[in-house]
Amino acid sequence: MNHILSIDQGTTSTRAIIFNDSGAIVASAQKEHRQIYPKPGWVEHDPLEVLANTDTVIREAMGKANITSKVIAAVGITNQRETTVIWDKRTGKPFCNAIVWQDMRTDTICASLEKSVGGATIRTHTGLPIATYFSGPKIAWVLKNIPGVKEAAKKGDALFGTMDSWLIWNLTGGVNGGAHVTDVTNASRMMLMNLRTLAWDDELLRAMHVPRSMLPAIRPSVDKNFYGMTMADGPFGASIPIAGDLGDQQAALFGQACFVKGMSKNTYGTGCFFLMNTGTTPVFSKHGLITTAAYKIGNSPAVYALEGSVAVAGALVQWMRDNLGLIERSEDIQALARTVADNGDVYFVPAFSGLFAPYWKMNARGIIAGLTRFATKGHIARAVIEATAYQTRELYDAMVKDAKAKIPLLKVDGGMVRDELLMQFQADMLGVPVIRPKVTETTALGAAYAAGLAVGVWNDTDTLAKQWREDKRFISSMETKKRDALYRSWKKAVKRSFDWVE
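The paragraphs below set out a description of the structure included in this document.

Reading guide: rules and limits
- Residues numbered from 1 in each chain as written.
- Predicted model: local features only at pLDDT ≥ 70, side-chain atom pairs only at ≥ 80, totals over all residues.
- Heavy atoms only, no water.
- Pairing = 2+ DSSP bridges.
- Helix = DSSP H or I, 4+ residues; strand = E, 2+ residues; numbered from the N terminus.
- Contact = heavy atoms within 4.5 Å.
- Axes fitted to C-alpha atoms, helices over the stretch in contact; angles between N-to-C directions.
- Buried < 20%, exposed > 50% of the residue type's maximum accessible area, 1.4 Å probe, protein only.
- 1 Å grid on protein atoms, 1.4 Å probe; cavity = no way out; pocket = protein on both sides within 12 Å on 5 of 7 lines; lining within 4 Å.
- Points joined across faces, edges and corners; volume = space filled by probe spheres on them.
- Parallel < 35°, antiparallel > 145°, perpendicular 65-115°, else oblique.
- Nonpolar A, V, L, I, M, F, W, Y, C, P; charged D, E, K, R; others polar.

1. Examining the sheet that holds strand β5 (residues 72–79)
Reasoning step 1: A sheet is described by the order of its strands in space; here 6 strands give the open sequence β3-β2-β1-β5-β14-β13, paired in mixed fashion. In this open sheet, the two strands that pair with only one neighbour each are β3 (25–32) and β13 (228–229).
Reasoning step 2: The pairing of strand β2 (residues 13–19) with β3 spans 7 bridges and is antiparallel. Paired with A16 across the bridge in β3 is A29.
Reasoning step 3: In this fold helix α9 (residues 248–255) packs onto β5 and β14 (241–247), with an angle of close to 105° to the strand it touches most, β14.
Reasoning step 4: Contacting β1 (3–9), β2, β5 and β14, helix α14 (residues 442–455) crosses the sheet at an angle of about 140° to β14.

2. Side note on the side chain of T83
Reasoning step 1: Here T83 lies in the loop between β5 and β6 (85–88).
Reasoning step 2: In this structure T83 comes out as buried when scored by relative accessible area, which is 0%.
Reasoning step 3: Excluding residues within four positions of it along the chain, T83 makes contact with A98, I99, V100, W101, G161, T162 and M163.

3. So, empty space enclosed by the protein
Reasoning step 1: Overall, the coordinates contain 1 cavity of 30 Å³ or more when judged by the stated rule.
Reasoning step 2: When its volume is computed, the largest cavity comes out at roughly 90 Å³.
Reasoning step 3: If you go around the largest cavity, you meet 16 residues; those closest to its centre are V310, L355, F356, A357 and Q391.

4. Side note on the packing of helix α12 (residues 377–403) against helix α16 (residues 480–497)
Each packed pair of helices is defined by two parameters, the angle between the axes and the distance between the axes.
Reasoning step 1: Contact pair α12 / α16: the axes reach a minimum separation of 11 Å and the direction vectors enclose 95°. One element, α12, and the other, α16, form an angle in the roughly perpendicular class. Residues A387, Y390, Q391, R393, E394 and D397 of α12 touch α16, and the partners they reach there are R483, L486, Y487, W490, K491 and V494.
Reasoning step 2: Taken together, the residues that form the contact of α12 with α16 break down as 6 nonpolar, 1 polar and 5 charged.

5. A closer look at the layout of surface pockets
Reasoning step 1: Here the largest pocket defines a volume of roughly 1,100 Å³.
Reasoning step 2: Along the wall of the largest pocket there are 40 residues; nearest its centre are T12, G269, G415, M416 and R418.
Reasoning step 3: Mapped onto the lining of the largest pocket, the elements with two or more residues apiece are β2, β3, α9, β15 (264–268), α10 (314–324), α11 (332–337) and α14.
Reasoning step 4: The greatest single-element share of the lining of the largest pocket, amounting to 5 residues, is contributed by α10.
Reasoning step 5: For the lining of the largest pocket, the residue count by class is 8 nonpolar, 20 polar and 12 charged.
Reasoning step 6: The computed volume of the second largest pocket comes to approximately 510 Å³.
Reasoning step 7: Taken together, 21 residues make up the lining of the second largest pocket; nearest its centre are Y37, V43, W319, N323 and F352.
Reasoning step 8: A breakdown of the residues in the lining of the second largest pocket according to their chemical character gives 9 nonpolar, 9 polar and 3 charged.

Pasting the structure below:
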């Protein structure tokens, strides 16, 4: 039993990836789910569709690997964070679609919290700013606006969870005794957990009118006692321990073997997420970053991280494909961008869901700046790619200021790291090496590592660190003067996006 199956439930798709004890991918399967946009600023997913897709990809990955459950030692789960599901524990049916982390419908609830509780208090308790990004206000919105939920919650029949909780509950029995749990990393994104005690915060529960009975139990990310056992009549066809659970960005940090204080990674997915391991003491940002739980291994003290969160990175490429039709496949963006020598002074600020770190301006909106008759779709494609690198540069600068230390190199992962134009431009913008690992699916790998540690496939984090391998290193080749000029223009474009919504 030396294989781990990792479920990576992301913003646009769900994947099942089987790893062996060397951390190598044996087989994988992936299935996209619908992005539902009922109103401007609203983003939803169908939890039942996600659950069905999870069942499908588990079976498909096991079929591709030509293995049975007998060789799977454990299951690890990683998930899109903050996305909110509320369901009836008697029927297993969601009361409404999942409200996705990008969704902005809770802006008035957030404004009310700013007045009633205050941003400083919430940051002190949770490490988070008040923002539509997080789960707590989303729960409050559902309780207030979806018929029957408030009454069900009073009876103890309504359960809340992020996607990890939803999947674990269903995989371990659902209405027949499914485990209602989460881990510290996901709980730290809800604006409801006290970052120091790692427990639900009574003051914030009262402020958002969230009944404690709705909330999952908070467990370590690596849990030797397991979150639960899979159902024998489920997709695995056997009872297997679910032993690892991490929010996607913390899972990527874990998969990149950033186990030493000061180590950093940046994940390029739907959004862009820069995390630095800050050790066992939380560091509270003065420059617009988030303080979050990085991971907790069993009874050991929790490890914390500083995080810079960008809402739109790969999602901008998807928007170019689906909304504008300028490319047929996401991979085509690089070829289109290479039809021009530079951005032609075009800058794209993708503030579709407002601006996250380091600005936290929920009233910003996306803009394309610097357009002239000279601009072509190639320049816009280049501006799309470069936007991710500029946003990462802003996170990097804030991280250096908060950590009071230079970051000598940046480990990168996620789907966008295959775009070598982006990776080279990223190195140019930072002026430090950007390093891509052999296994770029580090989010799924991190969840596999967590589960494998829990059941003894791997002995310790030192063993995991020795498995990490470099694939390619991108070195800056841009002159400082040019880098600074480009970055100044980017900052100017960002300011133009502020306060669009009054």
